Amino acid sequence: MEGLINHMHCRFHVLAGSDSAAARVTRLEQAAQQHLAESFDAALQQALGDDPAVYVVRRVEHRLALAGDLAASESEIIRRWGEGLARAVLRSLADGSDDDRAAVCVRFTDQADYVAQFVRDLLAGIAWERWFYGAFASLRPLERAAALRKVLEEHTQILPDILRGLYHDNTLDALLAHLEVDDRRWLWLQVRGPSAESLPQAARSLFTAALELVDRLEGWSRGGPGMDILFASYLATGPAPADW
C-alpha cells in the first residue's frame, strides 16, 4: 500500500502570547515536510496491508490538538499526525461509493484498472472532467495521442493487464486507432518482448490473406477497418505464434 497526497493545507492555531508554541509550529512545519508522508504511509500500510485496490479520496480533514503535549518530541507528534490522517482516510473509504462519481472516494480494483479507466475516459474526451484523475495531471497539456503513449510508458510493468481490461470492454481498438504507427509497434514489443520483433511480419501475410477472404465473401457489416489498426489490435491480444 502506498499513499500519495496531491495537495496538503495546514492551519495552525497558537495561543496568544505563546512565543514558545509559535517557535514549535515552525519546527513542526519543517518536520511535516520531511517525515509526515512517511508516517502516513506506515499507518496506511498497517491498516490496509497488501490490498491492491486504488482508492482516490477527494478531500480529507483532520484536527490534531497539542494542548498540554508541547513537551512531546516532533517525531512523536508527526507519528500521531500521520496516524490521524490515515484514520481520516479510512473513514472516507468506508463512506465512499464505487458508483457515485461525485462521492468523496472512488475505488478501482487495482492500478491497471485505474489506468485503463483513465484511458477510456481520455478516449471519450471526459477524463479532465473527472476529479479523481489528479495522478495523471502532468499529461493534461499533451495532445491525446501523446498522453496515451505517455501513460502506457509509465506503466509498462502492468501493461498486459491494462490492455486486457481494454480488450474485454472493446476499447482496445479505439486506443490503437488513436496511436501513431510507431506507438503501436512499441506497444506490441512491450507486450511480447524484443524477441518477437520479427513475428508481426511473419504473421502479417496470413492475416492479410484472411482479410482478403473476408472481402471476397463480403463479410463486413460495414466498411472494413484499416489494415494497420486491425493487425495491431490482433497482435495486442497476445495470439500464439503460428505453428509452421
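Here, every reference points to the structure presented above.
Described below are features of the structure shown in this document. (Residues numbered from 1 in each chain as written. Predicted model: local features only at pLDDT ≥ 70, side-chain atom pairs only at ≥ 80, totals over all residues. Heavy atoms only, no water.)

Below, the discussion takes up the pattern of salt bridges. Applying the stated criterion across every chain, the model contains nine salt bridges. Salt-bridge contacts for Glu 153 lead to Arg 149; the nearest nitrogen and oxygen are separated by 2.7 Å. Of this pair, Glu 153 and Arg 149 both sit in helix H4 (residues 144-153), four residues apart, which is roughly one turn of that helix. Exposure remark for Arg 149: the relative accessible area of 19% places this residue in the buried category. Between Asp 161 and Arg 164 there is a salt bridge; the shortest N-O distance is 2.6 Å. (Salt bridge = Lys/Arg side-chain N within 4 Å of Asp/Glu carboxyl O. Helix = DSSP H or I, 4+ residues; strand = E, 2+ residues; numbered from the N terminus. Buried < 20%, exposed > 50% of the residue type's maximum accessible area, 1.4 Å probe, protein only.)

The end-to-end C-alpha separation of helix H3 (residues 111-124) is 20 Å, in line with the 20 Å expected for 14 residues at 1.5 Å each. Among the 14 residues in H3, 11 count as buried, and that is most of the element. Within the sequence span of H3, burial applies to Ala 112, Tyr 114, Val 115, Ala 116, Gln 117, Phe 118, Val 119, Arg 120, Asp 121, Leu 122 and Leu 123. Close packing links the buried residues of H3 with strand E1 (54-57), strand E2 (105-108), H4, helix H5 (159-168) and helix H6 (172-178). Its side-chain oxygen at 3.3 Å from the backbone nitrogen of Ala 112, Asp 110 defines the N-terminal cap of H3. Two residues or fewer after H3 comes Gly 125, characterised by a positive phi angle close to 80 degrees. (Expected span 1.5 Å × (residues − 1). Contact = heavy atoms within 4.5 Å. Polar contact = N/O pair within 3.5 Å; in protein donor to acceptor, adjacent residues only side chain to side chain.)

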